Amino acid sequence: MPDNAAEVTAAGIARLAGVGRAAVSNWRRRHADFPKPVGGTETSPSFALPEVEQWLRDQGKLAEVPLRERVWQQLSGHPAGAVTGLVHAGRALLLVRDDPDEWRRLAELSDTAMAERLPKVLDGSVHSGTVNTPAPAPADFAASVPLLRGVGELAAELGARQTFEFLLGRHLDANPRQYTLTPPGPAELMAALALGPQAASVLDPACGTGTLLRAVPHAEAVYGQDADPELAALAGLRLALHGPAEVRTAAADSLRADAFPDLAVDAVLCHPPFNERNWGHDELAYDPRWEYGLPARTESELAWVQHALARLREGGTAVLLMPPAAASRRSGRRIRAGLLRRGALRAVIALPAGAAPPYGIPLQLWVLRKPGAGSHPAPELLLVDAAGLPGGDGGGGRDKLPWQAVQSAVLEAWAPFDRDGTAEERPGVSRAVPVIELLDDDVDLAPARHLPPPAAAGGADALEAVREELGATLRRTAELTPPPAGPAPHPGARLPLTTVGELARAGALVLRSGGAGASAPGVPVLTEQDVLSGTAPSGALPDGPAEEPVLTEAGDVVVPVLGGGTVARVVDAATAGAALGRNLQLLRPTPAALDPWFLAGFLRGTANNRQASSYATTASRLDVRRLQLPRLPLAEQARYGERFRALAAFEDALRLAGRLGEQLVQGLHDGLTDGVVRPEQSGG
């Protein structure tokens, strides 16, 4: 085995073989020839990738390691760390894209010669100044050469930009607690609010991995700065690979060490760090950026607001993602008043909880515009409460947020306000509030406190329609109630059993794991929550990784693998074509061998799930390959399948009745308290 051979963890082995981690643990216990650990720790060992590949092939569990998996394992096991590997890969991908002939000449060299030559080539490349860090020395590149060869092959298959997005996305997914990421939905909304067609230059002074700047469609120049040198480097490479814009990134704290002090851009986008006490209050007391007042030590967010305004040209727009407390804390009221009086603050938009980290609170967007020398202060401030939209309370989790509805509502309110300085009032959603009304002792800008309440559930007529639908659903539920179960002809007799794993090896079904993402706009994602609640696909493909998603087909059976529940869903025509989300396993039966409803029904057995689940972590995980079902002729399977299909219809009717009942109860509460419904109308 080569000294620089990539290593892989148990989780990586599970990904290669398309199984759960529990299966890998079982292989280690049951097979004496399973590869021995070569690194890691006792609780999280790592194994030599070539040895693992060979063992999987010998066991018939792996035909060939996909190129992208091999490259990812090389990156994740890089001796200097995955970030160093990503930076080296990004620099090489720029060369692959901009000078493919030079890359081919490099690839023909030996590993040693390639490591010697790479720094000179990359140092003279067009994008060498994108990131303010020196090019790596030959010794630094030596460990990266096998990775870079694989990266070059993957770029030939996927493209340079898609290859970097895939590797970066995998790294971010593997280290979720290490990074604070702005999701694609809020990033696109912020870009739409800030830019317009004429924005040529954009700055993000806390750029992270460059997600906000990447959301800008046609900028000519983008500037990013981050206090973390690793993030600044990754953002610069990501943006350089993304498009033709001039890219400059720097590694430093923007408040304490602004890398672009003379910059005046068309737009600023920023998701700043929240609740920082040590942001430089004492040393920056006389900084010229505090045009609206020195922020209190507890108001770091207002320091970022003023920094953004200071880097705008006159008339330029900034959009910042802010914690809701910044709109109402008393310590910030003087600066908020100054922003209002000068006309710098143009809109405050409340987003649903779960929109962006920290996911537990409903964040806000502040839209600001730098006043010109001869401009007059705007008389009104736009307040929007997108958290009040249907499904916008975050109760279904961040994968369930109605982003299309949120973005439409916000832009429909902002467009006329931005054009005319005012907008039509929408109760419970948006209102253009006179600035004079807000300049009281508190200067509280929380949107919900200044918006008229919406009409309760659409009024009494809408409540009556819900009640009628509930009545019809309850009658349908009664009709679908299963008849009494008769005794089995031979109680206690056991049918011959097989497992899902055996059926897969025999070709009776195909197993696929969910979670891969691809650039496929408009493709809905069937999430774990959708399967558990029996609802339509509601998720979106993750941004970045250039992997083909697993698309569902009618007759597929989808099973959640976490949580220990007994749920299996048969994909119908309405759900077919959706991408398979994370923590889901898809079973695609061969029609000539397996009835899908028979398969789904037996997979839901409580005892079946219990014997196929493990508890290696804080949550139980289902090893789908261990689930059992009886060996029966197809005609007998169909008899079982019809009964299981009827039970599924009954279950769907019960779910719908429950949702309608909750909607009616809440609607009547709201109607009575808002005066839309009178007491004598609410008793039926």
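The name given to the protein chain in an unreviewed UniProt entry is N-6 DNA methylase, with Streptomyces noboritoensis as the source organism.

A.B. asks: Tell me what's going on with the overall build of the protein chain, and back it up with residues and numbers.
C.D. replies: Broken down by element type, the protein chain carries 23 helices and 23 strands. Out of the 684 residues belonging to the protein chain, those deemed buried represent 49%. Contacts in the protein chain between residues far apart in sequence, at least 24 positions, make up 72% of those at least 6 positions apart. Carbon and sulfur atoms provide 52% of the accessible area of the protein chain, an area that totals close to 31600 Å².

A.B. asks: I'd love a proper account of the state of the cysteines, names of residues and values included.
C.D. replies: In total, this model carries zero disulfides according to the counting rule given. Sulfur of Cys207: no disulfide; nearest cysteine sulfur belongs to Cys270 and is 9.4 Å away.

A.B. asks: Can you explain the environment of Ala460? Please cite residues and give values.
C.D. replies: Relative to the helices and strands, Ala460 is located in helix α18 (residues 460-480). Using a relative accessible area of 32% as the deciding quantity, one classes Ala460 as partly exposed. For the pair Ala460 and Arg678, spaced 218 residues apart in sequence, the C-alpha separation works out to 9.4 Å.

A.B. asks: Break down the sheet that holds strand β17 (residues 557-560) for me, citing the residues and quoting the values.
C.D. replies: Taken together, the four strands give an open sheet; going across it, the order is β14-β20-β17-β18, and neighbouring strands pair in antiparallel fashion. With partners counted over all chains shown, the strands left at the sheet margins are β14 (509-513) and β18 (569-570), one partner each. Two elements, β14 and strand β20 (residues 584-589), share five bridges in a ladder whose sense is antiparallel. Each bridged residue has a counterpart across the sheet, and for Val510 the counterpart in β20 is Arg588.

A.B. asks: Explain the packing of aromatic side chains to me, using residue names and the numbers behind them.
C.D. replies: All told, the structure shown has eleven aromatic pairs when counted by the stated rule. Ring geometry for Trp279 against Trp290: centres 5.9 Å apart, planes inclined by 85°, an arrangement best described as edge-to-face. Of the two residues, Trp279 sits in the loop between β7 (265-270) and α14 (300-310) while Trp290 sits in the loop between β7 and α14, which places them eleven residues apart along the sequence. Its relative accessible area of 1% is what places Trp279 among the buried residues. Of the residues examined, Trp290 reaches a relative accessible area of 8% and is grouped as buried. An aromatic cluster of at least three residues, connected via ring pairs, comprises Trp27, Phe34, Phe47 and Trp55. The ring of Phe166 carries Arg68 above its face, with NZ or CZ at 5.9 Å from the centroid.

A.B. asks: Which residues make up unusual backbone geometry, and what values do they have?
C.D. replies: The omega torsion of the bond from Pro357 to Pro358 falls at 0°, within 30 degrees of zero and hence cis. Of note, Pro358 is situated in the loop between β9 (345-350) and β10 (364-369). The phi angle at Asn275 is positive, at roughly 55°, despite the residue not being glycine. One non-glycine residue with positive phi stands out, namely Asn583, at about 60°. If you trace the backbone, Asn583 turns up in the loop between β19 (579-580) and β20.

A.B. asks: So what's going on with the packing of helix α10 (residues 160-174) against helix α13 (residues 229-242)? Residues and values would help.
C.D. replies: Two elements in contact, α10 and α13, have axes whose closest approach is 9 Å; the angle formed by their N-to-C orientations is 150°. Considering their axes alone, α10 and α13 lie roughly antiparallel with respect to each other. As α10 packs across α13, the resulting crossing turns out to be left-handed. Along the contact surface, α10 presents Ala160, Arg161, Phe164, Glu165 and Leu168, while α13 presents Leu234, Leu237, Arg238, Leu241 and His242.

A.B. asks: Please give an account of helix α1 (residues 10-17) that cites residues and values.
C.D. replies: The α-helix advances 3.6 residues per turn, and as a result positions three or four apart in sequence lie on the same side. Of all the residues in α1, the buried ones are Gly12, Ile13, Ala14, Leu16 and Ala17. Here the buried face of α1 lies against β1 (7-9), α2 (21-30), β3 (45-48), α3 (49-58) and α4 (67-76). The positive-phi residue at the C-terminal boundary of α1 is Gly18, with phi of around 70°.

A.B. asks: An account of the sheet that holds strand β5 (residues 221-226) is requested, with residue identities and associated values reported.
C.D. replies: For sheets, the rule is that strands pair by backbone hydrogen bonds, running either parallel or antiparallel. Judged by pairing direction, the sheet is mixed, and its nine strands sit side by side in the order β6-β5-β4-β7-β8-β10-β9-β11-β12 without closing on themselves. Only two strands of the sheet have a single neighbouring strand rather than two, namely β6 (246-251) and β12 (430-434). Averaged over all adjacent pairs, the angle separating strand axes in this sheet is 15°, with direction ignored. The pairing of β9 with strand β11 (residues 380-385) spans four bridges and is classified as parallel. Looking at the pairing, Val348 lines up with Leu383 of β11. Across the sheet, α14 touches β7, β8 (312-322) and β10, and the angle it forms with β8 is around 155°.

A.B. asks: So what about the pattern of salt bridges? Which residues, and what values?
C.D. replies: The full count for this structure, using the stated rule, is 38 salt bridges. One salt bridge connects Arg289 with Asp287, and the closest N-O pair in it is separated by 2.8 Å. A relative accessible area of 8% places Arg289 in the buried class. Between Arg449 and Asp444 there is a salt bridge; the shortest N-O distance is 2.2 Å. For Arg449, a relative accessible area of 59% puts it in the exposed group. Salt bridges linked by common partners bring Arg604, Glu651, Asp652 and Arg655 together as one network.

A.B. asks: Go over the side chain of His281 with me, naming the residues and quoting the values.
C.D. replies: Take His281: it is sitting in the loop between β7 and α14. Judged by its relative accessible area of 17%, His281 falls in the buried class. Side-chain polar atoms of His281 contact the side chain of Asp282, separated by 3.1 Å. Not counting residues up to four positions away in its chain, the partners in contact with His281 are Leu294, Pro295, Ala296 and Arg297.

A.B. asks: Residue-level account of the packing of helix α21 (residues 596-603) against helix α23 (residues 634-674), with values.
C.D. replies: Two numbers describe a pair of packed helices, the interaxial angle and the distance between the axes. At their nearest, the axes of α21 and α23 sit 7 Å apart, and the two run at 65° to each other. Relative to α23, the element α21 lies roughly perpendicular. As for how α21 packs across α23, the hand of that crossing is left-handed. Contacts from Trp597, Phe598, Gly601 and Phe602 of α21 reach α23 at Gln637, Tyr640, Gly641, Phe644, Arg645 and Ala648. Tallied by class, the residues present in the contact of α21 with α23 amount to six nonpolar, three polar and one charged.

A.B. asks: Account for the nonpolar core, with residues named and values stated.
C.D. replies: Val305, Leu320, Leu339, Leu345, Trp366, Leu368 and Leu445 are the most contacted members of the largest nonpolar core, which has 44 residues in total. For this core, the element with the most residues is α14, which contributes six residues. Residue contacts for Leu445: discarding those within four places in its chain leaves Ala327, Arg336, Leu340, Leu345, Val348, Leu381, Leu383, Leu438 and His450.

Cut-off values and rules
- Residues numbered from 1 in each chain as written.
- Predicted model: local features only at pLDDT ≥ 70, side-chain atom pairs only at ≥ 80, totals over all residues.
- Heavy atoms only, no water.
- Helix = DSSP H or I, 4+ residues; strand = E, 2+ residues; numbered from the N terminus.
- Buried < 20%, exposed > 50% of the residue type's maximum accessible area, 1.4 Å probe, protein only.
- Contact = heavy atoms within 4.5 Å.
- Areas by Shrake-Rupley, 256 points an atom, 1.4 Å probe, with all protein chains shown as cover.
- Disulfide = S-S within 2.5 Å.
- Pairing = 2+ DSSP bridges.
- Phe/Tyr/Trp six-rings, centres within 6.5 Å; stacked < 30°, edge-to-face > 60°.
- Lys NZ or Arg CZ within 6 Å of the ring centre and 35° of its normal.
- Axes fitted to C-alpha atoms, helices over the stretch in contact; angles between N-to-C directions.
- Parallel < 35°, antiparallel > 145°, perpendicular 65-115°, else oblique.
- Left-handed = near helix turned anticlockwise from the far one by under 90°.
- Salt bridge = Lys/Arg side-chain N within 4 Å of Asp/Glu carboxyl O.
- Polar contact = N/O pair within 3.5 Å; in protein donor to acceptor, adjacent residues only side chain to side chain.
- Nonpolar A, V, L, I, M, F, W, Y, C, P; charged D, E, K, R; others polar.
- Core = buried A, V, L, I, M, F, W, Y, C linked by side-chain atoms within 4.5 Å.

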